[in-house]
Amino acid sequence: MASAGELLRDAAMGRVGVDRRLIQSILDGGAEAVQEVLTFAKASHADDRIEMDPLLVDLFRHWQTPEALGFYIDVIRRAPDDVSDELIQALLPFRERAIEPLLALYEELGEEHSAEIGFLLAGMHVHDPRVLAILLDRLEFDAADGAFCLGLYGDPAARPALEMMLAEIPAGEVELRREVQYALEQLDAPPPNYEPEPFDILAEYPKRELPAFDVLSEMERLALLESPDADVRAGSAHSFFNHELDHRSRASLFRVAQSDADAKVRGRAWESLADATENAEIRDGMLAVLADTSRDIVERGGAAVGLYAVADRDDSRKAIEALYEEGGIARARALESMWRSLWKPYARFFAQHLDDPNKDILRQAIRGTGYFQITGHADKIASYFDREDDLEDLREDALFAYALAMPGETTRGRIRGMLRKIDALAELSASEADLVMFALDERLRLAGLEPVFATAEESGEVQEAEPPPPASGKVGRNDPCPCGSGKKYKKCHGA
């Protein structure tokens, strides 16, 4: 059995997922595991691929490890403006012991970068003239933040400074006056009786998390194709999807697709061989699997998706459309192959399923309606923005598809206005705005134009002049991708 240190090193390199199984294996190591985790925490992590601080904080909090205080301070030092609630809860039991190192860190980082440290010092409720002095300074530096921290700290010695501040605040600054008044009221409240919040470390993590395939090298991912765990093999196979395959990866995936004992693994391998369908043996293998109705639909569906790059060939088209006619999950995978192909004759299959009771089919219908830019059904796509039923998880699919299909001329000059319109319509979060910007850039690429948002992020420019469109006005599936990758469009942003 691997030691706690070995398990953590594998997790830090992305080779194992951070889940309940990993944590339970570490906890089973008892006192020896505590020391190994402390040793790991003190080591250099410059080469780590995965941020391990959150897990280490949770482990030490679970164990209530007194030696972890120095580690907590180091975590704050690395990101003083982003101290997590979990770290705060881990620090609170230290109270008096935490004051000296927090004061030293405040001095080290300076007032501008120490708002969170001021909050921590206040939350410890340890009355110390040095802490009071810092919080009074923060009142002058940032009145609202300082008042909040002084109210939390609860030292009556802060009253004169708060009253003076209140007297100086104009009557029109209602919110700030309310903050200071509340802080004054808190000074009269009895000191809180601290009790640590209950903490179930296992409940904080998923039951199962696969390795972080996106940070692993090709050789590491190929090695995981031999894992005894079918889910790991499937995830490893899928990590090659839409990536250009070298001879070694192509051969390994083809072997897995033909011989793995698990249908899901075989299906994922067929999907990832989409980059290799110019090879007649691989293409014929996919077609044979797709036509064999005795095989598991998971494998057949993977073969269908794998054929998307050649879905305009007559043999592929017939096989994919036959799969579509089977209905259910088979239809969903056929639709996925169709929209990934970008072959216009497939556009006719999607709008009719925008109310499909099968959510798998519905999801692919939304995506396909977007990618084929079926503008007449944009309002139907938008109806999935704010569902409060079992379809609410379709919101991101709908946002992406709507950005592709919404009415309006596709030009680089108009694309920011489209973003504003979608934001007004759907009230985008920050992550959703990123998703929509990517989709709008995709819309530009589909029209043969350079992206706006990706270019602006890379160059720091707000907007560039619109280049002349290519002669055709469109990018063909077999044309070079406009992003400059050198790949065919169907294998790059067309994917």
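Residues numbered from 1 in each chain as written. Predicted model: local features only at pLDDT ≥ 70, side-chain atom pairs only at ≥ 80, totals over all residues. Heavy atoms only, no water.

S.K.: Any chance you could break down the pattern of salt bridges for me, citing the residues and the numbers?
M.R.: Two side chains with opposite charge may pair up if their charged atoms get near one another. Inspection of the entire model under this criterion finds 42 salt bridges. Connected through salt bridges with shared partners, the residues Arg 268, Glu 271, Arg 333, Glu 336 and Arg 340 form a single ionic network. (Salt bridge = Lys/Arg side-chain N within 4 Å of Asp/Glu carboxyl O.)

S.K.: Quick rundown of the nonpolar core? Include the residues and the values.
M.R.: Leu 273 and Ile 366 are the most contacted members of the largest nonpolar core, which has 81 residues in total. Broken down by element, this core gets its largest block of residues, eight residues, from helix α23 (residues 395-405). Those residues in contact with Leu 273 that lie beyond four places of it in its chain are Leu 245, Arg 250, Leu 253, Phe 254, Ala 257, Ile 282 and Met 286. With 69 residues, the next largest nonpolar core counts Ala 4, Ile 134, Leu 162 and Ile 169 among its residues. (Core = buried A, V, L, I, M, F, W, Y, C linked by side-chain atoms within 4.5 Å. Buried < 20%, exposed > 50% of the residue type's maximum accessible area, 1.4 Å probe, protein only. Helix = DSSP H or I, 4+ residues; strand = E, 2+ residues; numbered from the N terminus. Contact = heavy atoms within 4.5 Å.)

S.K.: Provide a residue-level description of the side chain of Thr 65, including the pertinent values.
M.R.: Structurally, Thr 65 is set in the loop between α4 (53-63) and α5 (69-78). Contact partners of Thr 65, with chain neighbours within four places excluded, come to Val 34, Leu 38, Phe 60 and Phe 94.

S.K.: Could you give an account of the packing of helix α21 (residues 359-371) against α23, naming the residues involved and the relevant values?
M.R.: Pairs of packed helices are described in terms of their axes, by the angle between the two and the distance that separates them. Two elements in contact, α21 and α23, have axes whose closest approach is 7 Å; the angle formed by their N-to-C orientations is 20 degrees. By the angle class used here, α21 and α23 are roughly parallel. The handedness of the crossing between α21 and α23 comes out as left-handed. Within the contact between the two elements, α21 uses Arg 363, Ile 366, Arg 367, Thr 369, Gly 370 and Tyr 371 and α23 uses Asp 397, Ala 398, Phe 400, Ala 401, Leu 404 and Ala 405. Taken together, the residues of the contact of α21 with α23 sort by class into seven nonpolar, two polar and three charged. (Axes fitted to C-alpha atoms, helices over the stretch in contact; angles between N-to-C directions. Parallel < 35°, antiparallel > 145°, perpendicular 65-115°, else oblique. Left-handed = near helix turned anticlockwise from the far one by under 90°. Nonpolar A, V, L, I, M, F, W, Y, C, P; charged D, E, K, R; others polar.)

S.K.: Go over the packing of aromatic side chains, please, and point to the residues and values.
M.R.: According to the stated counting rule, one finds 14 aromatic pairs in the structure shown. Aromatic pair Phe 385 and Tyr 402: ring centres 5.5 Å apart, planes at 80 degrees, arrangement edge-to-face. Here Phe 385 is found in the loop between α22 (378-382) and α23, whereas its partner Tyr 402 is found in helix α23, with 17 residues between them in sequence. Here Arg 221 stacks its cationic end above the ring of Phe 240, 4.2 Å away from the centre of that ring. In this structure, Arg 445 packs its charged tip against the face of Phe 438, placed 5.8 Å from the ring centre. (Phe/Tyr/Trp six-rings, centres within 6.5 Å; stacked < 30°, edge-to-face > 60°. Lys NZ or Arg CZ within 6 Å of the ring centre and 35° of its normal.)

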